[in-house]
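Read off the chains here:
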Amino acid sequence: MTSLLQTEKRHLWHPFTPMQAWCDEAHDPLMLVSGHGCYLKDQHGNEYLDGNSSIWTNIHGHNHPTLNAAIRAQLDQVAHTSFLGFTHEPAIQLGQQLVDLLPGSALTRVFYSDNGSTAIESAIRMALQYWKQNGHPSRDTILAFDRAYHGDTLGAASVGGIPIFKGSGNDFGYRVQRVPTLDALLGLTEDEITRLSAVIIEPLIQGSAGMRLWPKGMLKALSDWCQKHDIFLILDEVMTGFGRTGKMFACQHEDVIPDFLCLAKGLTGGYLPMAATLTTQRVFEGFLGPGRAFYYGHSYTASQLGCAAALGSLQVFREEKLLETLPAKVQFFQNLLDTLRDLPSILEIRQCGLIAGIEIGPYAPEQMMGVKTCLAARPHGLLTRPVVDTLILMPPLAATQAQLTHMVLALRLAIQETAP
Ligand SMILES: *Cc1c(COP(=O)(O)O)cnc(C)c1O
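Calculation rules
- Residues numbered from 1 in each chain as written.
- Predicted model: local features only at pLDDT ≥ 70, side-chain atom pairs only at ≥ 80, totals over all residues.
- Heavy atoms only, no water.
- Helix = DSSP H or I, 4+ residues; strand = E, 2+ residues; numbered from the N terminus.
- Buried < 20%, exposed > 50% of the residue type's maximum accessible area, 1.4 Å probe, protein only.
- Areas by Shrake-Rupley, 256 points an atom, 1.4 Å probe, with all protein chains shown as cover.
- Lys, Arg positive; Asp, Glu negative; His and termini not counted.
- Charge placed at Lys NZ, Arg CZ, Asp CG, Glu CD.
- Core = buried A, V, L, I, M, F, W, Y, C linked by side-chain atoms within 4.5 Å.
- Disulfide = S-S within 2.5 Å.
- Near = heavy atom within 4 Å.
- Polar contact = N/O pair within 3.5 Å; in protein donor to acceptor, adjacent residues only side chain to side chain.
- Salt bridge = Lys/Arg side-chain N within 4 Å of Asp/Glu carboxyl O.
- Domains from an automatic or database assignment.
- Contact = heavy atoms within 4.5 Å.
- Buried area = accessible area lost by both parts, 1.4 Å probe.
- Pairing = 2+ DSSP bridges.

Caption draft 1: The overall build of the protein, seen in detail. Helix and strand counts for the protein come out as 15 helices and 16 strands. With the principal axes as the frame, the protein shows a C-alpha extent of 60 × 55 × 45 Å. Scored against the burial criterion, the 420 residues of the protein give a buried share of 54%. Entry remark: accessible area of the protein is about 19,100 Å², with carbon and sulfur atoms responsible for 56%. Here the protein carries 31 positive and 39 negative side-chain charges, and the mean point of each set is 2 Å from the other.

As structure tokens, this is what we get:
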């Protein structure tokens, strides 16, 4: 074990991780070796509740028999084949099922890719190329919101509004206009509006900004505005999709159907990297005609194993009537979160469905109180990760009442132990 960790520190490089502290001799990284349901087990045999669904991906828990069986069955057929010039049944079945999740809506075309960032890039490129090749080349700007997070590849990061996620700090390749609020957008000049290709937003809640909620009705008002000006609406449901907000998709809370719906994290139940960008027949038809194609794709587009996992996940949604269990679970979760309010270091609790951001403070950022508090939760059996001083709880949808109770209690103890 020791020598494995020595090799790790000698050769590996982790995302969003200050590697000097990571590689310090005193640092004893947690190695996760197995999982079942909402629990993960480390190299010492300790078990933890997966309080952030393995970075916001897991839906049905780990090692779910239905998902495991779906992937095994596919594995005995073939693991991966190219989607460039070929097709396969799992992709077709999944496409139909994704379209059927929003019955009767205009979202009838499915474009596969590998992760949240590429789902976003696909939508942005489709929006830009659509206007360019359909008589409106001046519509070359994507409007995005301050503090937005849409992924880390250069194209997706360009619409992001959180400086530290931008690395070099440069936007890349296309024009982005940024506004703080819907009111600011409503104040755009006619000139600015005619340059817009699409508006992109995380509906209901901005995740990486620290779980910040948009005002009720904002999404609907934004959608109406986009329709009035014939500007595409791109919804980034990479985090909010697949039941996380209490409905299958966040847009269903405000009866909004976008022009592009970007899905990833929970698509495969948190099992395999896979993404889908849903769009309309109108957008699709803008790419028809001689010599026209959407020039974009990845080697693992529509991975057969990924499609099988996604089909397995949707099967669990149906068999376990998961969406029907959510309202009661969300209410229970809210009541639990309310029990934290007596702690003096709680600044604000923000909740949307089974997503919660618990902001503690006020602390100076260099105190790293968010990180310290999450580390203090480990001995109490909870794994999670903060956004600065906002503690995140985002349990798998499969979490039971007892498990939710344990998570919130572990966080409570950790907050009490670390508060100065
Ligand atoms: C995680 C996330 C992304 C990026 O997804 P990756 O799979 O990490 O590339 C994009 N948008 C939102 C809202 C996310 O939470």
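Caption draft 2: Spotlight on the nonpolar core. Counting 87 residues, the largest nonpolar core has Leu98, Phe145, Val199 and Phe242 as its most contacted members. Sorting elements by how many residues they give to this core places helix α15 (residues 401-418) first, with 7 residues. In terms of nonpolar packing, the next biggest core, distinct from the first, is built from 28 residues, Ala119, Ile124, Met126 and Val238 among them.

Caption draft 3: Region of the structure containing the state of the cysteines. Overall, the coordinates contain 0 disulfides when judged by the stated rule. Between Cys374, a free cysteine, and Cys38, which holds the nearest cysteine sulfur, the sulfur-to-sulfur gap is 18 Å. The class of Cys374 is buried, set by a relative accessible area of 3%.

Caption draft 4: Region of the structure containing the site of the ligand. Taken together, Trp56, Asn115, Gly116, Ser117, Tyr149, His150, Gly151, Glu202, Asp236, Val238, Met239 and Lys265 form the complete shell of residues around the ligand. Asn115 places a polar side-chain atom, nitrogen or oxygen, 3.4 Å from an oxygen atom of the ligand. One nitrogen or oxygen atom from the side chain of Lys265 is found 2.6 Å from an oxygen atom belonging to the ligand. Within the complex, 84% of the 380 Å² of free accessible area of the ligand lies under protein.

Caption draft 5: Spotlight on the pattern of salt bridges. Across all of its chains, the model carries 7 salt bridges by this definition. In this structure, Asp342 and Arg412 form a salt bridge, with 2.8 Å as the shortest nitrogen-oxygen distance. Taken as a pair, Asp342 in the loop between α13 (322-338) and β13 (346-352) and Arg412 in helix α15 lie far apart in primary sequence, 70 residues in all. In this structure Asp342 comes out as exposed when scored by relative accessible area, which is 51%. Of the charged contacts, one joins Glu348 and Arg350 as a salt bridge, the two residues approaching to 2.6 Å between their closest N and O atoms. Residue Glu348 is classed as partly exposed on the basis of its relative accessible area of 40%. By relative accessible area, which is 5% here, Arg350 ends up buried.

Caption draft 6: Quick look at the domain arrangement of the protein. On domain assignment, one finds that the protein holds domain 1 (31-60 + 321-418) and domain 2 (68-319). Its C-alpha centre places domain 1 at a distance of 27 Å from the equivalent point of domain 2. Taken together, the 27 residues of domain 1 in the interface contact 26 residues of domain 2. Here domain 1 meets domain 2 over a buried area of about 2,100 Å², counting both sides, of which 65% is carbon and sulfur. Seen at the junction of domain 1 and domain 2, the total is 0 salt bridges.

Caption draft 7: Local environment of the pairing of strand β12 (residues 275-280). Counting buried positions along β12 gives 6 out of 6 residues, so the element sits mostly inside the fold. Sheet topology places strand β4 (residues 107-113) next to β12; 6 bridges connect them, and they run antiparallel. Each residue of the ladder has a partner; that of Tyr112, found in β12, is Ala276. In this structure, strand β11 (residues 260-263) lies alongside β12, joined through 4 bridges in antiparallel fashion. Its bridge partner lying in β12, Phe260 is registered against Thr279.

Caption draft 8: View of the side chain of Ser158. Within the fold, Ser158 resides in helix α7 (residues 154-158). On the basis of relative accessibility, which here comes to 1%, the residue Ser158 falls in the buried class.

Caption draft 9: Just unusual backbone geometry, in detail. For the bond running from Gly361 to Pro362, omega is 0°, close enough to zero to count as cis. Relative to the helices and strands, Pro362 resides in the loop between β14 (355-360) and α14 (369-377). If you check the backbone angles, Ile55 has positive phi at about 50° while not being a glycine. One can find Ile55 in helix α3 (residues 53-56). For Ile55, a relative accessible area of 44% puts it in the partly exposed group. Phi at Trp56 takes a positive value of approximately 75°, unusual for a residue other than glycine. Examined against the element boundaries, Trp56 turns out to sit in helix α3.

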